[in-house]
Amino acid sequence: MEWIEVIGWVGNILVITQFLQKDMLKLRIYGVLGGSVWFGVAVMMNSISLATLNVVIIGIQLFHIRKLLKENKKQK
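For the structure given in this document, a descriptive report is provided here. (Residues numbered from 1 in each chain as written. Predicted model: local features only at pLDDT ≥ 70, side-chain atom pairs only at ≥ 80, totals over all residues. Heavy atoms only, no water.)

1. Side note on the overall build of the protein
Within the protein one finds three helices and zero strands. The order of helices and strands in the protein, counted from the N terminus, is α-α-α. Expressed as lengths along the three principal axes of its C-alpha atoms, the size of the protein is roughly 50 × 25 × 15 Å. Evaluated residue by residue, the protein yields a buried proportion of 26% over its 76 residues. Taking as baseline every contact in the protein between residues at least 6 positions apart, the subset at least 24 positions apart corresponds to 53%. With an accessible surface of roughly 5,600 Å², the protein has 68% of that area assigned to carbon and sulfur atoms. (Helix = DSSP H or I, 4+ residues; strand = E, 2+ residues; numbered from the N terminus. Buried < 20%, exposed > 50% of the residue type's maximum accessible area, 1.4 Å probe, protein only. Contact = heavy atoms within 4.5 Å. Areas by Shrake-Rupley, 256 points an atom, 1.4 Å probe, with all protein chains shown as cover.)

Written out as structure tokens, the structure is:
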């Protein structure tokens, strides 16, 4: 197994872990981590489409993390 495939499996584990979370903040954080790993894989593979997809996914996750943190701050 090539090392890039191993990194891809790490990304897969993070994405799968994301969907096992009940807490939305943790879910979003795992989403950023998984997307970041997959972005790295995309760069190593020179895959513009995969890199673009993961930049968008990371951006969406970060947007929602910021929104969740604002909501949590208002509730306190």
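2. What about unusual backbone geometry?
In this model, Asn46 sits at a positive phi of 55°, which is unusual for a non-glycine residue. Its place among the elements puts Asn46 in the loop between α2 (24-44) and α3 (48-75).

3. A few points about the packing of helix α1 (residues 3-19) against α2
Axis separation between α1 and α2 bottoms out at 8 Å; the angle between their running directions is 160°. Accordingly, the angle class assigned to the pair α1 and α2 is roughly antiparallel. Where α1 crosses over α2, the two elements pack in a sense that is left-handed. Where α1 approaches α2, its residues Trp3, Ile4, Ile7, Gly8, Val10, Gly11, Asn12, Leu14, Val15, Thr17 and Gln18 are matched on the opposing element by Leu27, Tyr30, Gly31, Leu33, Gly34, Val37, Trp38, Val41 and Met44. Taken together, the residues that form the contact of α1 with α2 break down as 13 nonpolar, seven polar and no charged. (Axes fitted to C-alpha atoms, helices over the stretch in contact; angles between N-to-C directions. Parallel < 35°, antiparallel > 145°, perpendicular 65-115°, else oblique. Left-handed = near helix turned anticlockwise from the far one by under 90°. Nonpolar A, V, L, I, M, F, W, Y, C, P; charged D, E, K, R; others polar.)

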